[in-house]
Amino acid sequence: MTAAATGIFRSLKGHNYRVWAAGALVSNIGTWMQRTAQDWLVLTRLTHHNASAVGIVMALQFGPQLLLLPWTGSAADHYNQRKLLMVTQATLGALALVLGVLTITGVVALWQVYLFAFASGCAAAFDAPVRQTFVAELVGETDLPNAVALNSTSFNAGRMVGPAVAGLVIASIGTGWAFVVNGLSFFAVLISLASLRVSALRPNPRARRSKGSFIEGLRYVAARPDLKAILVMLFLIGTFGLNFQIFISTMAVSVFHADARSYGLLSSFMAVGTISGALLAAGRANTTFNALLIGSAIFGLGCTLAAIAPSYAWFATALAVIGIAAMTFTNGSNALMQLSTEPAMRGRVMALRLSIALGGTPIGAPIVGWVADHAGPRWALGIGAASGFAAAGVALYALRLRVHRPPAPAGGA
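The name recorded for the protein in an unreviewed UniProt entry is Enterobactin exporter EntS, from Amantichitinum ursilacus. Reading the Subcellular location (unreviewed entry) entry of the UniProt record for the protein gives the comment "Cell membrane".

Quick look at the structure:
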């Protein structure tokens, strides 16, 4: 293995991170299978190519990130993170299995998909901030940026493999089986969590329990101009730009008239870009605010290219560009916020980050879906492009005011 590769994959030297990464990769593939199958089910079986319905599903799936914000970050800061992850992962697996059974038996209805999207969103709202901060327990502060980037690589490897496999499964044995496979994939994470060497974990300092812990987190962020600038950028791109389920599904079905296999491959093309972006991030020694500026600007450019793509092949190429940009931006914001935040506050800060990045979906997804239905998918992608350029403008403003220089975290490395 070359020195460069050793640097990129250095977090894998530790037993705990290797075990965690293996289980997470299996689960990530299953998760992307379900996302692809869920959109296909709504678009082709439960509605007649209704992008607004997909937008509602996304709103219900990601809305709990904002709705449950007062509790999710506090849970990550107060409770044993490994045990909390076991509960959330088991819940997500059970929900996927039940939805799969309903679909296979032919009794699934649109309202049930809505219900399961909301229920899984609630479980994921507690799961996401813990998963992000738990990485520090696995590798420590020094390798945290690298581990965050490798987590994204794993997630997007799932994005590359999962949709393609889902397309084959849907075409050969049916949509419901993709949900079942996802439900079973959560056993890999549960086994990995049970197999960790607990004595080798590096527990983050637990916050003391108090009634005002959520407000304390808000005040902490309010006093940090650098964090506020990143959160505004995340709101813009997360609300109006990270609606790939709508962009890809509507362009595939309505513009290029793709079948299930071709539809699944589009998400895999995008994953090629996201994996590339994640590996580039893993190879960096540190992340700067300039990376957020570059990532958001290229995101806007990529969405523009996708909106005007004349063919399936050009659209797939544009998705790869969007993927690189999205990972440059999201990984950079993740690493910057974690490393510049006091360890005892990380759960609440990361929950706020996720609630803004994903919790804006109930606002943006229905709007983008409505635009796709009434003006066309290309105009919907135009909204995504505008979000990237607007976020780049925020970054330029922050750089001009020099609010991007975070103070060293108290109690940090």
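### Comments concerning the overall build of the protein
Secondary structure summary: the protein contains 18 helices and 0 strands in total. Over its C-alpha atoms the protein spans a radius of gyration of 20 Å, differing by no more than 12% from the 22 Å that the globule rule assigns to 413 residues. Buried residues in the protein amount to 58% of all 413 residues. Residue pairs at least 24 apart in sequence account for 88% of intrachain contacts in the protein once pairs closer than 6 positions are excluded. As presented, the protein carries roughly 16100 Å² of accessible surface, and 69% of it is formed by carbon and sulfur atoms.

### Considering unusual backbone geometry
Most peptide bonds take the trans configuration, and most residues that are not glycine carry a negative phi. At His49, a position not held by glycine, the phi torsion is positive, near 55°. With respect to the helices, strands and loops of the structure, His49 is situated in the loop between helix H2 (15–46) and helix H3 (51–62). Residues other than glycine seldom take positive phi values, yet His257 does so here, at roughly 50°.

### Observations concerning the pattern of salt bridges
Pairing between side chains becomes possible if they bear opposite charge and their charged atoms approach one another. Under the defined criterion, the tally for this structure stands at 3 salt bridges. Among the ionic pairs, Glu216 bridges to Arg348, the shortest N-O distance being 3.3 Å. Taken together, the positions of Glu216 in helix H10 (residues 213–222) and Arg348 in helix H16 (residues 346–359) put the pair 132 residues apart, joining distant regions of the chain. Classification of Glu216 by relative accessible area gives partly exposed; the value is 36%. On the basis of relative accessible area, Arg348 is assigned to the buried category, the value being 7%.

### Quick word on the domain arrangement of the protein
The domains assigned to the protein are domain 1 (12–196) and domain 2 (212–403). Placing a centre on the C-alpha atoms of domain 1 and another on those of domain 2 gives a separation of 19 Å. Listed per partner, the contact involves 49 residues of domain 1 and 56 residues of domain 2. Counting across the domain 1 and domain 2 interface gives 0 salt bridges. Of all elements in the fold, only H2, H3, helix H4 (64–67), helix H5 (69–78), helix H7 (110–139) and helix H8 (144–172) reach the threshold of two or more residues within the side of domain 1 that touches domain 2. A class-by-class count of the residues in the side of domain 1 that touches domain 2 yields 26 nonpolar, 19 polar and 4 charged.

### Side note on the packing of helix H12 (residues 244–255) against helix H18 (residues 377–401)
With their axes 9 Å apart at the nearest point, H12 and H18 run at an angle of 160° to one another. Looking at the two axes, H12 sits roughly antiparallel to H18. Our pair here, H12 against H18, has a crossing hand that is left-handed. Contacts from Phe247, Thr250, Met251, Ser254 and Val255 in H12 reach Pro377, Arg378, Ala380, Leu381 and Gly384 in H18. For the contact of H12 with H18, a count of residues per class yields 6 nonpolar, 3 polar and 1 charged.

### Remarks on the nonpolar core
Ranked by size, the top nonpolar core spans 86 residues in total, and within it Leu234, Phe289, Phe299, Phe315, Ile322 and Met337 carry the most contacts. Residue contributions to this core peak at 10 residues, all from helix H15 (residues 312–339). No fewer than three residues from each of domain 1 (12–196) and domain 2 (212–403) sit in this core. Non-local contacts of Ile322, meaning those with residues more than four positions away in its chain, are made with Phe244, Met270, Phe299, Gly302, Cys303 and Ala306.

### Observations concerning the packing of aromatic side chains
The geometry of an aromatic ring pair is captured by two quantities: the separation of the ring centres and the angle between the planes. Tallied over the entire structure, the rule returns 7 aromatic pairs. With 5.7 Å between their ring centres and 70° between their planes, Trp20 and Phe134 make a pair best called edge-to-face. Remark: Phe134 occurs in helix H7 and Trp20 occurs in helix H2; sequence separation between them is 114 residues. You can call Trp20 buried: its relative accessible area is 4%. Looking at Phe134, the relative accessible area reads 0%, which means it is buried. Taking the centre distance of 6.5 Å and the plane angle of 85° together, the rings of Phe235 and Phe240 count as edge-to-face. Among the aromatic residues, ring-to-ring pairing joins Phe244, Phe247 and Phe299 into one connected group.

Scoring rules and cut-offs
- Residues numbered from 1 in each chain as written.
- Predicted model: local features only at pLDDT ≥ 70, side-chain atom pairs only at ≥ 80, totals over all residues.
- Heavy atoms only, no water.
- UniProt positions renumbered as here; feature names shortened; annotations may be inferred.
- Helix = DSSP H or I, 4+ residues; strand = E, 2+ residues; numbered from the N terminus.
- Rg over C-alpha atoms; globule rule 2.2 N^0.38 Å.
- Buried < 20%, exposed > 50% of the residue type's maximum accessible area, 1.4 Å probe, protein only.
- Contact = heavy atoms within 4.5 Å.
- Areas by Shrake-Rupley, 256 points an atom, 1.4 Å probe, with all protein chains shown as cover.
- Salt bridge = Lys/Arg side-chain N within 4 Å of Asp/Glu carboxyl O.
- Domains from an automatic or database assignment.
- Nonpolar A, V, L, I, M, F, W, Y, C, P; charged D, E, K, R; others polar.
- Axes fitted to C-alpha atoms, helices over the stretch in contact; angles between N-to-C directions.
- Parallel < 35°, antiparallel > 145°, perpendicular 65-115°, else oblique.
- Left-handed = near helix turned anticlockwise from the far one by under 90°.
- Core = buried A, V, L, I, M, F, W, Y, C linked by side-chain atoms within 4.5 Å.
- Phe/Tyr/Trp six-rings, centres within 6.5 Å; stacked < 30°, edge-to-face > 60°.

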